[in-house]
Amino acid sequence: MGKLSVDLCGIRLDNPVIPASGTFGFGYEFAELYDINCLGTFSFKGTTLEERYGNPLPRIAETSSGMLNAVGLQNPGVDKVIAEELPKLFQVFHKPVMANVSGFSIDGYVEVVRRLEAVKQIGWLEINISCPNVHGGGMSFGTDPKAAASVVEAVRKVTAKPLIIKLSPNVTDIVSIAKACEDKGADGISLINTLLGMRIDLKTKKPILANTTGGLSGPAIFPVALRMVYQVARAVKIPVIGMGGVSTAEDVIEMMMAGASAVEVGAANLVDPLACPKIIEDLPRVMERYRIDRLEDIIGAVE
Amino acid sequence: MKDERLKVLSNRPLTSGDSPVWEMVLSGVTEPMRPGQFVQIALPGRFLRRPISVCDLQEDPQSPGTFRLTIVYKIVGKGTADLTGYQPDDELSVLTGLGNGYDLSDSGDDPLLLGGGVGTPPMYFLAKELIKEGKNVRVILGFNRMDEVFYEKEFRHLGAEVTVTTVDGSYGEKGFVTDALPGGISSYYACGPEPMLKAVHKKIAAPGQLSFESRMGCGFGACMGCTMKTAGGYKRICKEGPVLRKEEILWEN
Ligand SMILES: Cc1cc2nc3c(=O)[nH]c(=O)nc-3n(C[C@H](O)[C@H](O)[C@H](O)COP(=O)(O)OP(=O)(O)OC[C@H]3O[C@@H](n4cnc5c(N)ncnc54)[C@H](O)[C@@H]3O)c2cc1C
Ligand SMILES: Cc1cc2nc3c(=O)[nH]c(=O)nc-3n(C[C@H](O)[C@H](O)[C@H](O)COP(=O)(O)O)c2cc1C
Ligand code: FES
């Protein structure tokens, strides 16, 4: 077992570095550039029951040390993902992959999970509960412990795979939501999704994003993410995947010290498509500098 | 796609005024690119890369795989202003080989190339390649005013027949590119602001290919930040674009 290796809900990863959903497509664009089997795993594009176009353009705005996106979960729908995207993904990636699931109703989540359950190469299900609940008045499932718990309870019944719940940071008490998910049988928690933000074009006086608001990601959000990972990791017994602004090996180690068992890397992949292999290559050198023998030893090591 | 550090050979203004246009020549390892493709340039301190079209590309006969890349950019914001500070021998990190590029195979013998403002640069590379294939290339370059005009001479040197239009009539023919359309064209290729593309799309009956812009997260198909609805389904401007065939365009995005 290598010194970078970590356990994620009973599955061994060669290293804790995981490209985050929505920033890595289904993997094959990156496979043109490097052998993506060097990754711990990756979380593929958020998948919904029906095909979605997403939001109108522009969907992207730059910020200081980060970006806003309002892609709006564009994806071909779960059936096409299984029939068209995953076979291509499995040609270039041979490890268990993480499926990222989104929905706008409990039934929507359940149906997507049910269909993905049959796909052997899917190692984990990462359930994104940041989407608005169309049957519950449009509030995001992830902003209310009860709504979050109801999603976990429902999908738990239809999957035996490790179930990771991905939390939204746009809440006042993230710990209560994480605990509600743990109580209903989640095997892990991943956080954070993007922070709600906005930019205005001074010339036109209009929001830059056609959707008006979007999700902030990139190095700008790292300290917020780290704080939330720290709070949640101390409050739950299940593993936590940390993400938000990670772009260096040092960031990975900091996230793990705060309590993360593995780390996802999002926006960094978009501006440097080699970000993840560079982080993995750098990790042993940075570990040596801080006298870390095995990465697993530092999970939650913050004093 | 390749991610390499390219060395600046030269960087100079082509026009003056409020939003001047500059030309930068870079050298190093790139993908062998086609006209209509683009690159993504990383700038220190700016989070996202800047997409810029290939204006010219020449392989170094001494070292295959090494190219001399010309870009022409207009200063519209912080990133393009940063670019003007680069000196010969400075280096930039550049992703190359992005987008689909123009299809030259069905241009016919008399293609018409239309460039508006900084939509002109990709037309230079395209004109060069079409002329190499022996086509009778006509080019219309549209600008607002005389002091914005660039590359007219460069296009003539390639052997293209060039018409320049200015909106205020201070140089060349007065009006828009669509006011100077010649007859007898076999196909057209266009790049420029969206109102120009719309007008061109409406006015010219011949087969056409038009190049689009979008704000981009990645530029290589990973983020879905740039997807347009087309008659042929959803297309990422950075991957299945930026060039679309005229029959694909819906104008509803
Ligand atoms: C495929 C493609 C090819 C292009 N080719 C050229 C070219 O050859 N020459 C040229 O001068 N310009 C070109 N552009 C436009 C160029 O990308 C923008 O002018 C540039 O990104 C502006 O950056 P800025 O930092 O100066 O502006 P700012 O407004 O400060 O930029 C803020 C953010 O918005 C983005 N942005 C702003 N305007 C545009 C735009 N029009 N299109 C896409 N993103 C934008 C920037 O990339 C950046 O992320 C092209 C755009 C695309 C999509
Ligand atoms: C363009 C883009 C698309 C995203 N799409 C998804 C998605 O489909 N599902 C999801 O759970 N998170 C999505 N995210 C959120 C990221 O997975 C991640 O949680 C967030 O960006 C914070 O990490 P970062 O700062 O490293 O990017 C997306 C982020 C970006 C930038
Ligand atoms: S800019 Fe990311 S998919 Fe086109």
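Residues numbered from 1 in each chain as written. Chains lettered and ligands numbered in written order. Predicted model: local features only at pLDDT ≥ 70, side-chain atom pairs only at ≥ 80, totals over all residues. Heavy atoms only, no water.

Visitor: Residue-level account of the environment of A:F90, with values.
Guide: Positionally, A:F90 belongs in helix α2 (residues 78-92). For the pair A:F90 and A:G27, spaced 63 residues apart in the sequence, the C-alpha separation amounts to 9.3 Å. (Helix = DSSP H or I, 4+ residues; strand = E, 2+ residues; numbered from the N terminus.)

Visitor: Provide a residue-level description of the site of ligand 2, including the pertinent values.
Guide: Inspection of the region around ligand 2 gives 23 residues, with A:S21, A:K166, A:G218, A:G245 and A:A267 positioned closest. Residues within reach of ligand 2 are spread across chains A and B. Between ligand 2 and A:K166, the relevant distance is 2.8 Å, taken from an oxygen atom to a side-chain nitrogen or oxygen of the residue. In this structure, an oxygen atom belonging to ligand 2 sits 2.8 Å away from a main-chain N or O atom of A:G218. Within the complex, 98% of the 610 Å² of free accessible area of ligand 2 lies under protein. Judged by its atoms lying within 2 Å of the grid points, ligand 2 is housed in the second largest pocket. (Near = heavy atom within 4 Å. Polar contact = N/O pair within 3.5 Å; in protein donor to acceptor, adjacent residues only side chain to side chain. Areas by Shrake-Rupley, 256 points an atom, 1.4 Å probe, with all protein chains shown as cover. 1 Å grid on protein atoms, 1.4 Å probe; cavity = no way out; pocket = protein on both sides within 12 Å on 5 of 7 lines; lining within 4 Å. Sits in = over half its atoms within 2 Å of the grid points.)

Visitor: With reference to specific residues and values, describe the layout of surface pockets.
Guide: To find leftover empty space, one rolls a probe the size of a water molecule over the atoms. All names here are of chain A. Counted as a void, the second largest pocket has a volume near 1,100 Å³. If you go around the second largest pocket, you meet 48 residues; those closest to its centre are N69, S130, N193, T194 and G215. Elements that contribute at least two residues to the lining of the second largest pocket include exactly β5 (66-69), β13 (213-217), β15 (262-265) and α8 (268-271). The element contributing the most residues to the lining of the second largest pocket is β13, with 4 residues. (Points joined across faces, edges and corners; volume = space filled by probe spheres on them.)

Visitor: Mind laying out the site of ligand 1, listing which residues take part and the relevant values?
Guide: Near ligand 1 you find 20 residues, and of these B:P51, B:K74, B:G79, B:T80 and B:R215 are the closest. More than a single chain frames ligand 1: its nearby residues are located in chains A and B. Between ligand 1 and the protein, one listed contact pairs an oxygen atom with a backbone N or O atom of B:K78 at 3.2 Å. Residue B:E213 places a side-chain N or O atom 2.8 Å away from a nitrogen atom belonging to ligand 1. Across the complex, the protein chains shield 86% of the 820 Å² of accessible surface that ligand 1 would expose by itself. Looking at the shell around ligand 1, the elements that each hand over two or more residues are β4 (50-53), β6 (66-74) and α1 (78-83) of chain B.

Visitor: Summarise the sheet that holds strand β7 (residues 122-128) of chain A; cite the residues concerned and give the values.
Guide: Residue and element names in this part refer to chain A. Taken together, 7 strands build an open sheet; the order of strands is β3-β15-β14-β9-β8-β7-β6 and the sheet is parallel. The sheet terminates laterally at β3 (17-19) and β6 (97-101), the two strands that pair on one side only. Within this sheet the neighbouring strands show an average axis-to-axis angle of 25°, counted without direction. Pairing of β7 with strand β8 (residues 163-166), which is carried by 4 bridges, proceeds in the parallel orientation. Following the sheet pairing, L125 is matched in β8 by L163. Docked against the sheet, helix α3 (residues 106-117) engages β6 and β7, running at close to 170° with respect to β7. (Pairing = 2+ DSSP bridges. Axes fitted to C-alpha atoms, helices over the stretch in contact; angles between N-to-C directions. Contact = heavy atoms within 4.5 Å.)

Visitor: Quick rundown of the packing of aromatic side chains? Include the residues and the values.
Guide: Applying the stated criterion across every chain, the model contains 14 aromatic pairs over all chains. Plain terms: the ring middles of A:F24 and A:F42 are 5.0 Å apart, the flat faces sit at 55° to each other, and that makes the pair tilted. With a gap of 18 residues between them, A:F24 in the loop between β3 and α1 (28-31) and A:F42 in the loop between α1 and β4 (60-63) connect regions that are remote in the sequence. Overall, A:F42 belongs to the buried group, its relative accessible area being 0%. Arranged with centres 5.3 Å apart and planes meeting at 85°, the rings of A:F30 and B:F220 form a pair that is edge-to-face. A residue pair is termed interchain when its members come from two chains, as with A:F30 in helix α1 and B:F220 in the loop between β13 (208-211) and β14 (227-230). For the pair shown, A:F30 and B:F220 are each scored as buried. Three or more aromatic residues joined by ring pairs make a cluster, and in this case those are A:F24, A:F30, A:F42, A:F93 and B:F220. (Phe/Tyr/Trp six-rings, centres within 6.5 Å; stacked < 30°, edge-to-face > 60°. Buried < 20%, exposed > 50% of the residue type's maximum accessible area, 1.4 Å probe, protein only.)

Visitor: How would you sum up the interface of chain B and chain A? Please name residues and give values.
Guide: Contact with chain B, which involves 29 residues of that partner, is made by 34 residues of chain A. Taken together, the connections running from chain B to chain A amount to 3 salt bridges. The partner of A:E62 in a salt bridge is B:R50, with the nearest N and O atoms 2.7 Å apart. Inspection of the chain B/chain A interface yields 9 residue pairs in polar contact (both at pLDDT 80 or more). Among the elements of the structure, β1 (2-13), β14 and β15 (233-236) of chain B are those that each provide at least two residues to the side of chain B that touches chain A. The residue makeup of the side of chain B that touches chain A, split by class, is 14 nonpolar, 6 polar and 9 charged. (Salt bridge = Lys/Arg side-chain N within 4 Å of Asp/Glu carboxyl O. Nonpolar A, V, L, I, M, F, W, Y, C, P; charged D, E, K, R; others polar.)

Visitor: Lay out the domain arrangement of chain B with the relevant residues and their values.
Guide: All names here are of chain B. Here chain B is described as being made up of domain 1 (2-98) and domain 2 (111-211). Placing the centre of domain 1 and that of domain 2 at their C-alpha centroids yields a distance of 22 Å. Together domain 1 and domain 2 conceal approximately 1,300 Å² of surface at their shared face, both sides included; 66% is due to carbon and sulfur atoms. The interface formed by domain 1 and domain 2 holds 1 salt bridge in total. With its nearest N and O atoms 2.7 Å apart, the salt bridge here joins K128 to D56. (Domains from an automatic or database assignment. Buried area = accessible area lost by both parts, 1.4 Å probe.)

Visitor: How would you explain the packing of α3(A) against helix α4 (residues 145-156) of chain A if you had to name every residue and give the values?
Guide: Residue and element names in this part refer to chain A. Packing of α3 against α4 brings their axes to within 9 Å, and their N-to-C directions diverge by 35°. As α3 runs across α4, the sense of the crossing is right-handed. Residues I106, Y109, V110 and V113 of α3 pack against S150, V151, A154 and V155 of α4. The residue makeup of the contact of α3 with α4, split by class, is 7 nonpolar, 1 polar and no charged. (Left-handed = near helix turned anticlockwise from the far one by under 90°.)

Visitor: Explain the packing of helix α6 (residues 222-235) of chain A against helix α7 (residues 249-258) of chain A to me, using residue names and the numbers behind them.
Guide: Residue and element names in this part refer to chain A. At their nearest, the axes of α6 and α7 sit 8 Å apart, and the two run at 30° to each other. Viewed along their axes, α6 and α7 adopt a mutual orientation that is roughly parallel. Where α6 abuts α7, its residues F222, A225, L226, V229, Y230 and A233 lie against D251, E254, M255 and A258. Grouping the amino acids of the contact of α6 with α7 by side-chain chemistry returns 8 nonpolar, no polar and 2 charged. (Parallel < 35°, antiparallel > 145°, perpendicular 65-115°, else oblique.)

Visitor: Could you give me a rundown of helix α2 (residues 121-132) of chain B, with the residues and numbers involved?
Guide: Residues and elements named next belong to chain B. If you check α2, its first and last C-alpha atoms are 18 Å apart, about what 12 residues at 1.5 Å a residue would give, namely 16 Å. Counting buried positions along α2 yields 10 of 12 residues, so the element is predominantly enclosed. All of the buried residues in α2 are P121, P122, M123, Y124, F125, L126, A127, K128, E129 and L130. Of the surrounding elements, those touching the buried residues of α2 are β4, β5 (56-59), β6, β8 (111-116), α3 (152-158) and β12 (187-191). Immediately beyond the C-terminal end of α2, within one or two residues, lies G134, with a positive phi of roughly 85°. (Expected span 1.5 Å × (residues − 1).)

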